Amino acid sequence: MTAFKLAVVSAGLSKPSSTRLLADRLTEATVRRLAAQGREVEVTVIELRDLAVDIANNLVTGFPAPALRAAIGAMTDADALIAVTPVFTASYSGLFKSFFDVVDQDALTGKPVLIAATGGTPRHSLVLEHAVRPLFSYLRAVVLPTAVYAATDDWGAAGDALTDGLPGRIDRAAGELAALLAGRGPAAEPPSPAPVVPFAEQLAALRA
């Protein structure tokens, strides 16, 4: 059975970072959900921190460096995407936005995307709805209903009677992604192009 390809974009700036930690938790939960269905997953993690200079150069020159080209290719070829950004000034980070600015506008068309963000306070949780979700909707991706925001106080919190804690939100979002992938199946290899028949041969065949 062909394995699913999952790309994970993390825009955290520090090492270690809570953004990467949330990306890892979402990835682990998704892989676990699919493994329970007997599905294998190939995961490619794209750390934007390591590509910051290449992204900036691509913005001003229009040409991606090999590492950036490989990262964009891995994301484009993936069956689904997990995208996680830290919150800066009540929006996604500049590095996160710059990366998707250099991606072809059709690269994510129809691709399932699980969006998530990290921040210091719960007051920024709506950044996922007013900034991140519209970005991927513009790129014509299929954005999952559950977006996961993790404030500093969310790590280790169990939630209350009306809201899930962070582990519950992660599991719910991963379940949505796994269910969507399982329903679609892995992307098939593109068909081989049909052989090109010279126009003179086509005319000769019509006259025969």
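The shown structure was predicted, so the numbers you read here are calculated from the model rather than taken from an experiment. (Residues numbered from 1 in each chain as written. Predicted model: local features only at pLDDT ≥ 70, side-chain atom pairs only at ≥ 80, totals over all residues. Heavy atoms only, no water.)

**Observations concerning the nonpolar core**
As a rule of thumb, nonpolar side chains are buried together in soluble globular proteins. Note the following rule: The term nonpolar core refers to a set of buried residues drawn from Ala, Val, Leu, Ile, Met, Phe, Trp, Tyr and Cys, joined through side-chain atoms within 4.5 Å. Burial classification: accessible surface area is computed with a 1.4 Å probe over protein chains only, and a residue below 20% of its type maximum counts as buried, one above 50% as exposed, and the rest as partly exposed. Counting from the N terminus, the helices are DSSP H or I runs at least four residues long and the strands are E runs at least two residues long. What makes two residues a contact is simply this: any of their non-hydrogen atoms within 4.5 Å.
With 39 residues, the main nonpolar core has Leu-48, Met-75, Leu-81, Phe-96, Phe-99, Phe-100 and Phe-136 as its most contacted residues. Of all elements in the fold, only strand 1 (4-10), helix 3 (66-77), strand 3 (80-88), helix 4 (94-101), strand 5 (112-119), helix 5 (127-138) and strand 7 (148-151) reach the threshold of two or more residues within this core. The leading source of residues in this core is helix 5, at six residues. What Phe-136 contacts, discounting residues up to four positions off in sequence, is Leu-81, Ala-83, Phe-96, Phe-100, Leu-108, Val-113, Ile-115, Ala-141 and Val-143. Listed in part, the 23 residues of the second largest apolar core include Leu-22, Leu-26, Leu-114 and Ala-173.

**Observations concerning the pattern of salt bridges**
Selection criterion: Salt bridges are defined by distance alone: a side-chain nitrogen of Lys or Arg within 4 Å of a carboxyl oxygen of Asp or Glu.
Going through the model one piece at a time under the given rule, you end up with eight salt bridges. The closest approach of N and O atoms between Arg-20 and Asp-24, which form a salt bridge, is 2.8 Å. In this pair, Arg-20 and Asp-24 both sit in helix 1 (residues 18-35), four residues apart, roughly one turn of the helix. We classify Arg-20 as partly exposed; its relative accessible area is 26%. Here Asp-24 falls in the partly exposed class, since its relative accessible area comes to 25%. When the shortest N-O distance is used, the salt bridge between Arg-133 and Glu-129 registers 2.7 Å.

**What about the pairing of strand 5?**
Here is the key point about a regular strand: its side chains alternate between the two faces of the sheet. Note the following rule: Two strands are said to pair when DSSP picks up at least two bridges between them.
Most of strand 5 sits inside the fold, with eight of its eight residues counted as buried. Side chains of strand 5 alternate between two faces, with Pro-112, Leu-114, Ala-116 and Thr-118 and Val-113, Ile-115, Ala-117 and Gly-119 buried alike. Where strand 5 meets strand 6 (residues 142-143), two bridges bridge the pair, whose relative direction is parallel. Looking at the pairing, Val-113 lines up with Val-143 of strand 6.

**Concerning the packing of aromatic side chains**
Heads up, the rule is: For this analysis, a ring pair means two rings from Phe, Tyr or Trp (six-membered ring only for Trp) whose centres lie within 6.5 Å, classed as stacked if their planes differ by under 30 degrees, edge-to-face if by over 60, and tilted for the remaining angles.
Per the stated rule, a full pass over the model turns up five aromatic pairs. The interplanar angle of 80° and the centroid separation of 5.0 Å between the aromatic rings of Phe-100 and Phe-136 together place this pair among those described as edge-to-face. Placement of the pair is Phe-100 in helix 4 and Phe-136 in helix 5, with a sequence separation of 36 residues. Neither Phe-100 nor Phe-136 differs from the other in exposure class; each is buried. Here the aromatic cluster, defined as three or more aromatic residues joined through ring pairs, consists of Tyr-92, Phe-96, Phe-99, Phe-100 and Phe-136.

**Quick word on the confidence of the model for the protein chain**
Going by this rule: Per residue, pLDDT captures the predictor's confidence, and it can take any value from 0 to 100.
Of all residues in the protein chain, 85% attain a pLDDT of 70 or more, and the chain-wide mean is 89. Confidence, read as mean pLDDT per element, is least for helix 7 (residues 199-207) in the protein chain (64) and greatest for strand 1 (98). In this model, residues 188-194 is a region of pLDDT below 50 whose contacts with residues beyond four sequence positions or in other chains number zero contacts.

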